[in-house]
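Given next are the chains, with one letter for each unit.
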Amino acid sequence: MSFIPSHTAGLQILDRTVFPEGATIFREGENGSRAYIVQRGKVEFYKKLDNEDILLGSVGTGGIFGEMALIDDEPRMATAIVSEPTVCIVISEALFQKKLGALDPFLCGVLRVLVENIRSIQDQKIKSVNFETATALPQTGADYAAPPDFADDFDSDAFEVA
C-alpha cells in the first residue's frame, strides 16, 4: 500500500500544495486540521527545548505526517519545516474523519491507543535524552513516517470523495 496516488481520473482531486525550502507547514502546539502525504521532497520535524530547535526526524517521498492530530485531536507534537522543495497531498480533516468513521469501531479504538502510545513514548524520549549529544537523537523520522515501500502502492480509490 502506498500513500501516493498513481492516477486521479474520476476523482474529486485531492489538494496538493507546493512548499519551498524553509517553509513551515505547521508549528508545535497548533491544532491540526490536515494530514500530509509527501509526494516529492522532504520535511523535517523539530521540537523546541530550552529555546533550541531539536531535530526529531524527517519524512520523505511516500511518507505521511500530521495524521496523529486528526486521530486524537491533540496539538501538534513538533514543528514541520520543509528541508527541500516539496509537494504534499493535503488530506482535510473532514475527509480523514469520513474515512476513519467508515472503519470498524474496534480499529478506531486501536488507532487512538497507538497514537496515545506514540505520543507518550516520544514525550518520555525527549525528557530522557541529553540533547547535548546529537547521536542520541533519532534521525529517520520513523515515529512520523509510513515505511518507504508505501510510496509505490497508493490506492487512490481509498480517497475518492463520494
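As a reminder, the structure under discussion sits directly above these lines.
Residues numbered from 1 in each chain as written. Predicted model: local features only at pLDDT ≥ 70, side-chain atom pairs only at ≥ 80, totals over all residues. Heavy atoms only, no water.

(A) Spotlight on the overall build of the chain. Within the chain one finds 3 helices and 6 strands. Secondary structure of the chain in N-to-C order comes out as β-β-β-β-β-α-β-α-α. When contacts within the chain are restricted to residue pairs at least 6 apart in sequence, those whose partners lie at least 24 apart make up 78%. (Helix = DSSP H or I, 4+ residues; strand = E, 2+ residues; numbered from the N terminus. Contact = heavy atoms within 4.5 Å.)

(B) Main features of unusual backbone geometry. Notably, N51 is not glycine yet its phi reads approximately 60°, a positive angle. Topologically, N51 is positioned in the loop between strand 3 (34-49) and strand 4 (52-60). Classification of N51 by relative accessible area gives exposed; the value is 71%. In this model, D73 sits at a positive phi of 60°, which is unusual for a non-glycine residue. As for its position among the elements, D73 is in the loop between helix 1 (67-72) and strand 6 (79-92). Exposure remark for D73: the relative accessible area of 61% places this residue in the exposed category. (Buried < 20%, exposed > 50% of the residue type's maximum accessible area, 1.4 Å probe, protein only.)

(C) Representation of helix 2 (residues 93-101). Among the residues of helix 2, L95, F96 and L100 are the ones counted as buried. Looking straight down helix 2, one finds that the buried residues subtend no more than 135° of arc, so they occupy a single side. The exposed set on the far side of helix 2, more than 90 degrees from its buried face, consists of A94 and G101. Summarising the contacts, the buried residues of helix 2 are in contact with helix 1, strand 6 and helix 3 (105-128). (Arc of directions from axis to C-beta.)

(D) Structural detail: the pairing of strand 4. Direction of pairing for strand 3 relative to strand 4: antiparallel, over a ladder of 8 bridges. Counted as the bridge partner of V43 is V59 from strand 4. From the end of strand 3 to the start of strand 4, which pair antiparallel, there are 2 residues, and D50 there has a positive phi angle of about 50°. (Pairing = 2+ DSSP bridges.)

(E) Summary view of a nonpolar patch on the surface. On the surface, a cluster of nonpolar side chains totalling about 440 Å² of accessible area is made up of L103, F106, L107, V110 and L114. Within the secondary structure layout, L103 lies in the loop between helix 2 and helix 3. (Patch = residues over 30% accessible without salt bridge, like charges linked within 9 Å, V, L, I, M, F, W, Y side chains within 5 Å. Areas by Shrake-Rupley, 256 points an atom, 1.4 Å probe, with all protein chains shown as cover. Salt bridge = Lys/Arg side-chain N within 4 Å of Asp/Glu carboxyl O.)

(F) Expanded view of the packing of aromatic side chains. Inspection of the entire model under this criterion finds 5 aromatic pairs. With 5.3 Å between their ring centres and 70° between their planes, F45 and F65 make a pair best called edge-to-face. A residue pair is termed long-range when its members are at least 10 positions apart, and F45 in strand 3 and F65 in strand 5 (residues 64-65) qualify at 20 residues. Exposure remark for F45: the relative accessible area of 2% places this residue in the buried category. The structure contains a cluster of three or more aromatic residues connected by ring pairs, namely F19, F26, Y36, F45 and F65. Between the NZ or CZ atom of R76 and the centre of the ring of F26, over which it lies, the distance is 4.0 Å. (Phe/Tyr/Trp six-rings, centres within 6.5 Å; stacked < 30°, edge-to-face > 60°. Lys NZ or Arg CZ within 6 Å of the ring centre and 35° of its normal.)

Geometry only, nothing functional implied.
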